[in-house]
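Listed below are the residues making up each chain.
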Amino acid sequence: MTAIRSETSPASSPPAMDRRAPRQVTRVSYALAAIATLSLVYLLRHTSPSCFHASHPLELTLSLAPFPRTSCDAASRRVVPPDRRLAKLRASPRWRRRTAALSASVFPTLRGLGLLAAPSRVLCLAAGAGHAVDALRAAGVRDVTGTDLVEFPPLVRRADPHRFPFSTAAFDLVFSDDPSAICGALLPSRLAAEAERAVRRGGGIALVVDREIETAAVAALFKRSRVVDVKDVILDGSQASNDRRLTL
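Because the structure is predicted, anything quoted here is derived from the model rather than measured.

Moving on: the packing of helix α3 (residues 93–112) against helix α4 (residues 131–138). Two elements in contact, α3 and α4, have axes separated by 9 Å at closest approach and are oriented at 60°. One element, α3, and the other, α4, form an angle in the oblique class. Relative to α4, α3 is oriented so that their crossing is right-handed. Between α3 and α4, the contacting residues are R94, W95, R98, T99, L102 and F107 on the first element and H131, A132, D134, A135 and L136 on the second. Residues that form the contact of α3 with α4 fall into these classes: 6 nonpolar, 2 polar and 3 charged.

For the rest of this paragraph, the subject is the side chain of D134. Here D134 is to be found in helix α4. A polar contact of 3.3 Å, which involves the side chain of D134, links it to the side chain of W95. The residues touching D134, leaving out its near neighbours within four places in the chain, are R90, W95 and L155.

Here we come to the nonpolar core. Counting residues in hydrophobic clusters, the biggest one holds 27 residues, and the most contacted among them are F107, L110, V122, C124 and F175. The set of elements that each furnish at least two residues to this core consists of α3, β1 (121–124), α4, β4 (171–176) and β5 (199–209). The greatest single-element share of this core, amounting to 6 residues, is contributed by α3. Judged by nonpolar contacts, the second largest core, of 19 residues, contains F164, V174, A195 and V199.

What follows deals with a nonpolar patch on the surface. A cluster of nonpolar residues, V28, L32 and I35, forms a patch on the protein surface that exposes about 300 Å² of accessible area. Within the secondary structure, V28 sits in helix α1 (residues 16–46).

Here the focus is the pattern of salt bridges. Once their charged atoms are close, side chains differing in charge can pair, the charge on each being opposite to the other. As enumerated under the stated definition, the model contains 6 salt bridges in all. Across the salt bridge formed by D172 and R200, the nearest N and O atoms sit 2.5 Å from each other. Taken as a pair, D172 in strand β4 and R200 in strand β5 lie far apart in primary sequence, 28 residues in all. Take R200: its relative accessible area is 29%, and that puts it in the partly exposed class. Between E194 and R197 there is a salt bridge, with the nearest N and O atoms lying 3.0 Å from each other. In this pair, E194 and R197 both sit in helix α6 (residues 188–198), 3 residues apart, roughly one turn of the helix. Here the salt bridges share partners, and the residues they tie into one network are R121, D172 and R200.

Let's shift gears to the environment of C124. Looking at the secondary structure, you find C124 in strand β1. Sequence spacing of C124 and T147 is 23 residues, and the spatial spacing of their C-alpha atoms is 6.1 Å. Setting aside residues no more than four positions away along its own chain, C124 makes contact with A132, V133, L136, V144, T145, G146, T147 and F175.

What counts as what
- Residues numbered from 1 in each chain as written.
- Predicted model: local features only at pLDDT ≥ 70, side-chain atom pairs only at ≥ 80, totals over all residues.
- Heavy atoms only, no water.
- Axes fitted to C-alpha atoms, helices over the stretch in contact; angles between N-to-C directions.
- Helix = DSSP H or I, 4+ residues; strand = E, 2+ residues; numbered from the N terminus.
- Parallel < 35°, antiparallel > 145°, perpendicular 65-115°, else oblique.
- Left-handed = near helix turned anticlockwise from the far one by under 90°.
- Contact = heavy atoms within 4.5 Å.
- Nonpolar A, V, L, I, M, F, W, Y, C, P; charged D, E, K, R; others polar.
- Polar contact = N/O pair within 3.5 Å; in protein donor to acceptor, adjacent residues only side chain to side chain.
- Core = buried A, V, L, I, M, F, W, Y, C linked by side-chain atoms within 4.5 Å.
- Buried < 20%, exposed > 50% of the residue type's maximum accessible area, 1.4 Å probe, protein only.
- Patch = residues over 30% accessible without salt bridge, like charges linked within 9 Å, V, L, I, M, F, W, Y side chains within 5 Å.
- Areas by Shrake-Rupley, 256 points an atom, 1.4 Å probe, with all protein chains shown as cover.
- Salt bridge = Lys/Arg side-chain N within 4 Å of Asp/Glu carboxyl O.

Remember that the coordinates give geometry; whether it matters functionally is a separate question.
What follows is the structure, given as structure tokens:
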């Protein structure tokens with residue numbers, strides 16, 4: 001039998017390079033901290049006290065510098081006043097086509113049914129940017145309120161169509177030129193009930209819906225109304241959609 005004894009020699013001392021590594025890491029850390037501190041001091045000393053320029057105190061402008069020197073220079077776009085934005089929209093071909101279609105095909109029919117006149121109080125649902133609101137005012141209707149889930153001043157205010165912030169019988173006509181206003185609503189029956197609550201007795205509810213939607217399906221949502229007219233209209237130069245009108 002052979003016995004083997006295992007002998008372990010004392011641990012040797014680490015090489016000199018291993019002893020220098022922690023010192024180098026510490027020096028690099030101090031250098032990076034110093035650079036960060038100097039950068040912060042530089043930014044604090046050179047940051048503009050205000051995002052507004054002295055010559056134009058109420059207007060935000062976009063810097064043409066290749067790299068933003070301040071957070072103000074990094075602004076993504078110019079802030080356009082609501083009136084200027086509306087003027088730009090009115091000049092667009094789509095806006096003009098929609099206004100012309102409403103004025104030629106929709107409003108005369110509503111007038112013929114006795115649902116629209118100059119003193120009428122009109123509530124526009126799903127008004128978007130305000131096409132219908134603008135067209136109604138241009139047609140001589142003085143009291144028009146535009147609402148949507150997203151505010152779009154100056155023509156459209158924010159309001160929940162399932163719970164209107166208006167009193168009962170506040171309007172003579174509830175109108176929408178957006179096909180998704182009723183069919184795309186979260187709760188169509190609730191929206192229909194709110195529309196009936198907001199319109200006065202004898203007033204009207206006029207809605208534009210897709211051609212594929214059955215008139216009976218839309219009429220079934222309105223418990224206190226009856227269909228008085230259905231007409232095909234063309235909006236934006238696209239395929240005709242059905243304009244369903246219901247009145248109390």
